Amino acid sequence: MKVRITVAVVTLALAGAVAASAQVQPPQERINTALARARQVGIPVALLESKVAEGKAKGVSLERIAVAIERRQAALERASQAMRGQTDAAASLAVGADAIESGVNETVLKAVADSAPRDRRNIAIAALTELVHQGQAPAAALERVKDALKRGPDALTNLPAEGSSNRGNGNSNGQGNGQGNQGNQGNGQGQGQGQGNSGRRAGAEPGPPAGVPAPGKEPQSRKPDNSGQGGGQGGGQGQGGGQGRGNNR
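## Thoughts on the overall build of the chain
Step number 1: Looking only at helices and strands, the chain features 9 helices and 0 strands.
Step number 2: Listing each helix as α and each strand as β along the chain from the N terminus yields α-α-α-α-α-α-α-α-α.
Step number 3: In the chain, 67% of the contacts between residues at least 6 apart in sequence involve partners at least 24 apart.
Step number 4: In the form shown here, the chain has an accessible surface area of approximately 15100 Å², with 51% of it arising from carbon and sulfur atoms.

Below you can see the structure in the form of structure tokens.
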């Protein structure tokens, strides 16, 4: 038991010493160490050297460049391990590292690389990364990329734009419903299945909530219809919270 405790203490002490050494190591030495590690594991050092040159051209401090290079080297190494065995995997290392840095794990990266043909691999990985940037979970983004791969090159290329559009529609729905609820509170007489004048006019077909454009239409700015709303705006479709029947005064 004492031996185990001693080993644990020594291990922690060594780890602390390594961390302290990294902190006091000059930035250029840290960069050189990262480059040496890249060569050791078979990563083209040009992928890191270009980042160094870019940082220096922008006047970034050497300390910050060292941090960025260390992070990038680690991401490239993880991407390399995930795509090991892929034909011409080196050509996908940069986009693979982008995916890793965005929060995609090696399992998901390997899955998308395995699913995509070689000539569409980079596009598939880039689409996955963009979907994750938009807030989708990596596993859900992977399924969308796989589905797009089945539908053809155009579907894959347009996938990130579709994700962004869907997110925008969701925000519009939320805002419209929220404003409608405020109108209901103004009436003070909202009902479960509201029948206010703004919800659905007699004989009219149901439409999207206020603030959400109809398919193929651009959002239009318009004045609120206050009839039967009690001052609320974006007054919904007579569902989920009701619009009320109160008379405006």
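And the narrative resumes.
## Side note on the pattern of salt bridges
As a working rule, side chains carrying opposite charge can pair if their charged atoms are close by.
Step number 1: In the structure shown here, the tally under the stated rule is 10 salt bridges.
Step number 2: One salt bridge connects arginine 30 with glutamate 70, and the closest N-O pair in it is separated by 2.9 Å. Of the two residues, arginine 30 sits in helix 2 (residues 27-40) while glutamate 70 sits in helix 4 (residues 62-82), which places them 40 residues apart along the sequence.
Step number 3: Look at glutamate 70 and you get partly exposed, because its relative accessible area is 30%.

## Points about the confidence of the model for the chain
Step number 1: Looking at the chain, the pLDDT average stands at 73 and 56% of residues meet or exceed 70.
Step number 2: Across the chain, element-level confidence peaks in helix 2 with a mean pLDDT of 97 and bottoms out in helix 1 (residues 2-24) with 52.

## Some points on the layout of surface pockets
Step number 1: Within this model, the second largest pocket holds a volume of roughly 260 Å³.
Step number 2: Lining the second largest pocket, in full, are Lys51, Glu54, Gly55, Lys58, Val60, Arg64, Ile65, Ala68, Ile69, Arg71, Arg72 and Glu101.
Step number 3: Among the elements of the structure, helix 3 (46-57) and helix 4 are those that each provide at least two residues to the lining of the second largest pocket.
Step number 4: When residues of the lining of the second largest pocket are assigned to their parent elements, the largest contribution, 6 residues, is made by helix 4.
Step number 5: A per-class count over the lining of the second largest pocket returns 4 nonpolar, 1 polar and 7 charged.

## Remarks on helix 3
Step number 1: Over its 12 residues, helix 3 runs 16 Å from end to end, which matches the ideal 16 Å to within 8%, given 1.5 Å per residue.
Step number 2: When helix 3 is considered as a whole, its buried residues turn out to be Leu48, Val52 and Gly55. Take helix 3 and look down its axis: the buried residues cluster within an arc of 65 degrees, on one side only.
Step number 3: Following helix 3 by one or two positions, glycine 59 has its phi on the positive side, about 75 degrees.

## Describing the environment of valine 67
Step number 1: As for its position among the elements, valine 67 is in helix 4.
Step number 2: You can call valine 67 partly exposed: its relative accessible area is 37%.
Step number 3: Considered as a pair, valine 67 and proline 27 are 40 residues apart in the sequence and their alpha carbons are 8.3 Å apart.

## What to know about the environment of aspartate 114
Step number 1: Tracing the sequence through the fold places aspartate 114 in helix 6 (residues 106-115).
Step number 2: For aspartate 114 and glycine 85, which are 29 residues apart along the polypeptide, the C-alpha to C-alpha distance reads 9.9 Å.
Step number 3: Of note is the side chain of aspartate 114, whose polar atom sits 2.3 Å from the side chain of glutamine 86.

## Thoughts on the nonpolar core
Step number 1: One finds Met83, Leu109, Val112, Leu128 and Val145 to be the most contacted residues of the largest nonpolar core, which totals 42 residues.
Step number 2: Elements that contribute at least two residues to this core include exactly helix 2, helix 3, helix 4, helix 5 (93-102), helix 6, helix 7 (121-133), helix 8 (138-151) and helix 9 (153-187).
Step number 3: Here this core gets 7 residues from one element, more than from any other, and that element is helix 4.

## A short note on helix 4
Step number 1: Relative to the 30 Å expected for 21 residues at 1.5 Å per residue, helix 4 spans 30 Å between its end C-alpha atoms, a close match to the ideal helical length.
Step number 2: Those residues of helix 4 not exposed but buried are Ile65, Ala66, Ile69, Arg72, Gln73, Ala75, Leu76, Glu77, Ala79 and Ala82.
Step number 3: Contacts from the buried residues of helix 4 go to helix 2, helix 3, helix 5 and helix 6.

## Considerations on the packing of helix 5 against helix 7
Two packed helices can be described by the angle between their axes and the distance between those axes.
Step number 1: Contact geometry of helix 5 with helix 7 gives a least axis separation of 9 Å together with a crossing angle of 20 degrees. On the basis of their axis angle, the class for helix 5 and helix 7 is roughly parallel. Crossing handedness for the pair helix 5 and helix 7: left-handed. Facing helix 5, whose interface residues are Val95, Gly96, Asp98, Ala99 and Ser102, helix 7 presents Asn122, Ile125, Thr129, Val132 and His133.
Step number 2: Partitioning the contact of helix 5 with helix 7 into residue classes produces 4 nonpolar, 5 polar and 1 charged.

The rules behind these values
- Residues numbered from 1 in each chain as written.
- Predicted model: local features only at pLDDT ≥ 70, side-chain atom pairs only at ≥ 80, totals over all residues.
- Heavy atoms only, no water.
- Helix = DSSP H or I, 4+ residues; strand = E, 2+ residues; numbered from the N terminus.
- Contact = heavy atoms within 4.5 Å.
- Areas by Shrake-Rupley, 256 points an atom, 1.4 Å probe, with all protein chains shown as cover.
- Salt bridge = Lys/Arg side-chain N within 4 Å of Asp/Glu carboxyl O.
- Buried < 20%, exposed > 50% of the residue type's maximum accessible area, 1.4 Å probe, protein only.
- pLDDT = per-residue confidence, 0-100.
- 1 Å grid on protein atoms, 1.4 Å probe; cavity = no way out; pocket = protein on both sides within 12 Å on 5 of 7 lines; lining within 4 Å.
- Points joined across faces, edges and corners; volume = space filled by probe spheres on them.
- Nonpolar A, V, L, I, M, F, W, Y, C, P; charged D, E, K, R; others polar.
- Expected span 1.5 Å × (residues − 1).
- Arc of directions from axis to C-beta.
- Polar contact = N/O pair within 3.5 Å; in protein donor to acceptor, adjacent residues only side chain to side chain.
- Core = buried A, V, L, I, M, F, W, Y, C linked by side-chain atoms within 4.5 Å.
- Axes fitted to C-alpha atoms, helices over the stretch in contact; angles between N-to-C directions.
- Parallel < 35°, antiparallel > 145°, perpendicular 65-115°, else oblique.
- Left-handed = near helix turned anticlockwise from the far one by under 90°.

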